[in-house]
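Coordinate analysis (summary)
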Amino acid sequence: TAGLAMAWWRAAGGGLVGTFTAFWLRALGGANAPSVTVVERDPRYRTASSVLSCGGLRQQFSLVENIRLSMASMRFIKNDYHQIAAPDADADDRHGPKRVGLAEEGYLFLAGSEAGAQTLRENHALQVSEGATVSLLDRETLAAQFPFLHCEDILLAGFGTANEGWIDAYTMLMDARRKATELGATFVASTVENVRLNASGERVQGITLADGTEIDCGTMVNAAGAWSGRLASMAGIHLPVEPRLRHVFSIHCRALEGDMSLRCPLTVDPSGVYFRRDGRPRTGRYICGVSPEEEEDIVLDPAMTADDLAAEFQHRSAHDFFQDRVWPVLAERVPAFGELKVTGSWAGCYDINSLDHNAVIGPHPDKSNFVFASGFSGHGMQMSLSTGRAVAEHILFSEYRSIDLSRFGYDRIAKNEPILERNIV
């Protein structure tokens, strides 16, 4: 073959997925590692979902694959981050949690109905069986542990007591890219304009970039995030992944300055509204948001350029959305949030897999050298480390060795057989 070209063509996709796939291909391949070319149209990552995300990592999922992917990523950050640290880095920069600013404050899922509580119980049983550190809190325990919450309507809560929280995703992305480059991967700033197939249409021969450059490839990895559906269509493949707009709001609450903001997990209300502490403790600063209802969701044009997308993010206002959908829930759940100040906001994209909101990973059944690694629907950052490894394993060894992701393959897309994840934020 002519080496491996990773078609990492995205404007707001999870840049970490493509970068970690490149890293693991070079790291696991040893002396026989394939050549790796990563194509990125937004090299400053102005619109990359990895950078614009809330940086969250959690174990509280309902599918075993998602639990294992996130747990493996956290283990790498805690135990193996030195693998991507700079050779001359000091102790702090080689220690993953400190390097990426890990705030290990947990996720807190609130259930306000018996059906929601039962879902938490069922999820908890699976999570604990996988070694996750998650506790179920009744109303009294919840109120005692987090006194700033209004809990009278809450029946049960799931709380990640360790190995959950949030990180500085940009730092991890830059470290992974530097290490992948050090190991021999090449990063190209361009856009994929065409995917070239062989005469029978059964294999990808290469890609054509915006300036006409052609890159031959033995394997092509579609890690294009929110734009992976369009990239797949260039190879004649239907992939139900599309860019959907999401907003995150920064708020300040003077009443919560001090001890009450010392520990605040990423809290998910039964309505789907979420919030967490932002920055240093005791400052009263938080970020928050919610995914819109299906009928009000905004799907962006997948043909938008990176510059157009940056302009879209800059100029699209979400003031009414915050006033109508977010603030009333915040004020009900945390009475102190009745008085707050919005200090800023930003926009980004989820790479929504409209079939089941789960990632599509692995080779296409008919075009076996076209490999998927996208459609995480908001979970790409936290699963990027372990997904990149799994994809690299399948390319190098024709099997998954660390985590079996066979259920996330393309077959379920072709058969229209969704695998539902019940803990979507």
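What counts as what
- Residues numbered from 1 in each chain as written.
- Predicted model: local features only at pLDDT ≥ 70, side-chain atom pairs only at ≥ 80, totals over all residues.
- Heavy atoms only, no water.
- Helix = DSSP H or I, 4+ residues; strand = E, 2+ residues; numbered from the N terminus.
- Expected span 1.5 Å × (residues − 1).
- Buried < 20%, exposed > 50% of the residue type's maximum accessible area, 1.4 Å probe, protein only.
- Contact = heavy atoms within 4.5 Å.
- Polar contact = N/O pair within 3.5 Å; in protein donor to acceptor, adjacent residues only side chain to side chain.
- Pairing = 2+ DSSP bridges.
- Axes fitted to C-alpha atoms, helices over the stretch in contact; angles between N-to-C directions.
- Patch = residues over 30% accessible without salt bridge, like charges linked within 9 Å, V, L, I, M, F, W, Y side chains within 5 Å.
- Areas by Shrake-Rupley, 256 points an atom, 1.4 Å probe, with all protein chains shown as cover.
- Salt bridge = Lys/Arg side-chain N within 4 Å of Asp/Glu carboxyl O.
- Lys, Arg positive; Asp, Glu negative; His and termini not counted.
- Charge placed at Lys NZ, Arg CZ, Asp CG, Glu CD.
- Phe/Tyr/Trp six-rings, centres within 6.5 Å; stacked < 30°, edge-to-face > 60°.
- Parallel < 35°, antiparallel > 145°, perpendicular 65-115°, else oblique.
- Left-handed = near helix turned anticlockwise from the far one by under 90°.
- Nonpolar A, V, L, I, M, F, W, Y, C, P; charged D, E, K, R; others polar.

This part is about helix α8 (residues 169-182). Residue pairs spaced three or four apart in an α-helix point in one direction, given the helix's 3.6 residues per turn. The terminal C-alpha atoms of α8, which comprises 14 residues, lie 20 Å apart, in line with the 20 Å expected from a rise of 1.5 Å per residue. Every buried residue of α8 is listed here: Ala-169, Thr-171, Met-172, Leu-173, Asp-175, Ala-176, Lys-179 and Ala-180. Buried residues along α8 sit in contact with α1 (15-29), α2 (49-52), α3 (64-80), α5 (96-99), β8 (186-189) and α12 (380-397). Capping the start of α8, Asp-168 holds a side-chain oxygen 3.2 Å from the backbone nitrogen of Tyr-170, two or three residues further along. Among the residues trailing α8, Gly-184 stands out with phi positive, at a value near 120°.

Our focus in this paragraph is the sheet that holds strand β13 (residues 241-252). Here 8 strands make up an open sheet; going across it, the order is β5-β6-β4-β14-β15-β16-β13-β17 and the pairing mixed. In the strand order of this sheet, the two ends are held by β5 (134-137) and β17 (341-353), each with one partner. Averaged over neighbouring strand pairs, the angle between their axes works out to 20° when direction is ignored. Strand direction decides the pairing type here: strand β4 (residues 107-111) and strand β6 (residues 156-160), joined by 4 bridges, are antiparallel. Bridge assignment links Leu-108 to a residue of β6, and that residue is Phe-159. Here helix α11 (residues 319-333) sits on the sheet and contacts β4, β13, β15 (274-277), β16 (285-289) and β17; the angle it forms with β13, its principal contact strand, is near 55°.

What follows covers the sheet that holds strand β10 (residues 204-209). Within the open sheet, the 3 strands sit side by side as β9-β10-β11. Their pairing is antiparallel. One side of each edge strand has no neighbouring strand; the edge strands of this open sheet are β9 (192-197) and β11 (214-216). The average undirected angle you get between the axes of adjacent strands in this sheet is 25°. Where β10 meets β11, 3 bridges bridge the pair, whose relative direction is antiparallel. Directly across from Gly-206, in β11, lies its bridge partner Asp-216.

This paragraph deals with a negative patch on the surface. On the surface, a cluster of negative charge is made up of Glu-202, Asp-366, Asp-411 and Glu-417. A residue is classified by how much of its surface remains accessible, and Asp-366, at 57% relative accessible area, is exposed.

Although it is not a glycine, Arg-282 sits at a positive phi angle of roughly 70°. By the element assignment, Arg-282 lies in the loop between β15 and β16. By relative accessible area, which is 45% here, Arg-282 ends up partly exposed. In the Ramachandran plot, Asn-416 falls in the positive-phi region, its phi being about 55° despite a non-glycine side chain. With respect to the secondary-structure elements, Asn-416 resides in the segment after α13 (411-414).

Attention now moves to the pattern of salt bridges. Within the structure shown, the criterion is met by 25 salt bridges. Asp-216 is the partner of Arg-196 in a salt bridge, and the nearest nitrogen-oxygen pair spans 3.2 Å. Here Arg-196, found in strand β9, pairs with Asp-216, found in strand β11; they are 20 residues apart in sequence, far enough to count as distant. For Arg-196, a relative accessible area of 15% corresponds to the buried category. Of the residues examined, Asp-216 reaches a relative accessible area of 44% and is grouped as partly exposed. Among the salt bridges present, the one from Asp-269 reaches Arg-333, with a minimum N-O distance of 2.6 Å. Of this pair, Asp-269 sits in the loop between β14 (266-268) and β15 while Arg-333 sits in helix α11, and the two are 64 residues apart along the sequence. In this pair, the class of Asp-269 matches that of Arg-333, namely buried. Connected through shared salt-bridge partners, Glu-242, Arg-244, Arg-246, Glu-294 and Asp-297 make up one network.

On inspection of all chains with the given rule, the structure shows 14 aromatic pairs. With 6.2 Å between their ring centres and 70° between their planes, Phe-146 and Phe-148 make a pair best called edge-to-face. The two residues Phe-146 and Phe-148 agree in class, both being buried. A network of ring pairs unites the aromatic residues Phe-20, Phe-23, Trp-24, Phe-76 and Tyr-81 as a single cluster.

Between α1 and α8, the shortest axis-to-axis distance is 9 Å and the interhelical angle comes to 30°. The angle between α1 and α8 falls in the class roughly parallel. Where α1 crosses over α8, the handedness of that crossing is left-handed. Where α1 abuts α8, its residues Gly-15, Leu-16, Thr-19, Phe-20, Ala-22 and Phe-23 lie against Ala-169, Met-172, Leu-173, Ala-176, Arg-177, Lys-179 and Ala-180. Looking at the contact of α1 with α8 residue by residue, the class counts come to 9 nonpolar, 2 polar and 2 charged.

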